[in-house]
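Given next are the chains, with one letter for each unit.
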Amino acid sequence: MEMPKLEAPLLFFFFFFFFVFVFLLAPTPSRAETFGPPLVSPVQKDPSTLQYIITAYLRSPEEPTKLFLDLGGSYFWINCDDYNSSTYRHIPCTTLLDEFVGCFACLMNCRDSTPNCGDSVCVLKPENPFDPTSSDNSNQYAPALVDYFSMLTLDNTGSIGGLSSSSPFTFIFSCAYKENLRGLAGGVTGSAGLGRSKISIPVQASTIFHYPRCFALCLSGSKTRPGAAFIGTKGPTKFGRGIDLSKSLVYTPLLLNPVGKYSYPDLKKPSDEYFIGVSSIKVNGKVVALNRSLLAIDSGNGSGGTKLSTVVPFTQLATSIYKAVTEAFVKAAASSPFNLTAARPAQPFSVCYPARNVKTTRDGPTVPAIELVMHRNDVVWKILGSNSMVRVAVKGGDDVWCLGFVDAGVKPKTSIFAGDPSIVIGGYQMEDNFLQFDLESMRLGFSSSVLSRGTSCASFKFAAKRG
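Residues numbered from 1 in each chain as written. Predicted model: local features only at pLDDT ≥ 70, side-chain atom pairs only at ≥ 80, totals over all residues. Heavy atoms only, no water.

### Some points on the overall build of the protein chain
Each helix and strand in the protein chain was counted, giving six helices and 32 strands. A buried classification covers 56% of the 467 residues belonging to the protein chain. Counted over contacts in the protein chain with a minimum sequence separation of 6, partners at least 24 positions apart contribute 70%. Carbon and sulfur atoms make up 55% of the accessible area of the protein chain, which totals about 20400 Å². (Helix = DSSP H or I, 4+ residues; strand = E, 2+ residues; numbered from the N terminus. Buried < 20%, exposed > 50% of the residue type's maximum accessible area, 1.4 Å probe, protein only. Contact = heavy atoms within 4.5 Å. Areas by Shrake-Rupley, 256 points an atom, 1.4 Å probe, with all protein chains shown as cover.)

Structure representation (structure tokens):
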């Protein structure tokens, strides 16, 4: 195979990558320096995989690209076997940008003129959490690219504007191969990482577009209508009935887990995922007795604590916590005013009730509330029936409401050297909750269920307006 033909002289590449590096290292601008409207994307839930999907526009000419929304993902990756663009560039090894990105290795002697091939170019590790073989196959590393990137924008009236316009070559992402797409929803060609890394989507967008280093999610509980993801704004974000869900949030610190999945015994690397400090759990207003040491992050191996994740569909609890919470829930549900008697369980859930016996309101099934108490007793994430109960109806069989929490059980560790969290708050429990991730103040703003305010995450209007 011939060496890829480069149309620009070597001096151009020096200044090009120097510009990208300096641009990405620039400090986050103040609100007064911000230019351009914030970014927004519909977030659609795939009914078969329960994965959340956003849309971005990249390459030249621009094309809409469907990506799995990975809340804790380190960066954005896309299948490059079918990637056609006139503006992409590889990142050369042993450059300042290579060091900044944190490349895993250097690809050598690959001389085919394609995005997935290059000689002496930086490689990253596109990770698919739904493919258990992804860490073992030969396609676990792929070249890093820089190329054009944009999303829909939000104008100052709260309506959808045109596409954002980034400087060409300033967005960094990883290539991947078709094999990396195993387990992802149909039509999805990659993953959108929103984690804490230097090259996650919200961090790069903050630098490129001069936005606040902040993003928000409002995942929809509707089977047909999407929720919304906002990047680069702390509000306003107006939903149905003109309600600004960025107002009246309750805040709790975002915690750093010092031991991420790429840590080694002699070298700890912080996790890019988002953790919060749950100090206790209440069911129907009563504190659940559990081993509270499990609620703290172990500084030695990173185990314990509470992580937020869009990878798991339902909240996972360590076995002892799960047992304590479900026992408290069953006891409270059997008492007045609920008076519920458990039915046969429906996998993957173990606590279910006949649907005919469960009353419902706009807040969902009327069942005991579950409260996650944060760093102070007055900072509480309240989980009502709309987020705690899952309807399971089998044609010709049982029709039940089930407690939508699962036993994490004994499972593989995050990595050889890093432990697992004790609580993983899953996508279902985040639906119809407005969550604001403020990476400047390192805090999470949360609303609890917005259904009680007479609106929903599906009520944001995505007009068919493009620039």
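### A look at the sheet that holds strand β25 (residues 370-373)
A sheet is described by the order of its strands in space; here four strands give the open sequence β19-β18-β25-β26, paired in antiparallel fashion. Lying at the two open borders of the sheet, with one neighbouring strand each, are β19 (286-287) and β26 (380-383). Its contacts with the sheet place helix α4 (residues 319-334) against β18 (280-283) and β25, and it is angled at close to 20° to β18. (Pairing = 2+ DSSP bridges. Axes fitted to C-alpha atoms, helices over the stretch in contact; angles between N-to-C directions.)

### Notes on the environment of A343
The topology assignment puts A343 in the loop between α4 and β22 (352-354). What A343 contacts, discounting residues up to four positions off in sequence, is C352, Y353, P354 and V400.

### Comments concerning the state of the cysteines
Going through the model one piece at a time under the given rule, you end up with six disulfides. For C93, the disulfide goes to C106, at an S-S distance of 2.0 Å. Because the sign of the S-S torsion sets the handedness, a value of about 115° for the bond joining C93 and C106 places this disulfide among the right-handed ones. Of the two residues, C93 is situated in the loop between β5 (89-90) and α2 (96-101) and C106 in strand β6 (residues 105-107); the sequence distance between them amounts to 13 residues. According to the relative accessible area criterion, C93 is buried, its value standing at 7%. Here C352 engages in a disulfide with C402; their sulfurs sit 2.1 Å apart. Handedness of the C352-C402 disulfide follows from its S-S torsion of about 100°: it is right-handed. (Disulfide = S-S within 2.5 Å.)

### Concerning the nonpolar core
Ranked by size, the top nonpolar core spans 79 residues in total, and within it I281, F329, W381 and F437 carry the most contacts. Counting residues per element, this core draws most heavily on α4, which supplies seven residues. Setting aside residues up to four positions removed in sequence, F437 forms contacts with L71, R213, C214, F215, L217, L254, Y274, L308, R443 and L444. Judged by nonpolar contacts, the second largest core, of 18 residues, contains Y57, L154, I160 and A228. (Core = buried A, V, L, I, M, F, W, Y, C linked by side-chain atoms within 4.5 Å.)

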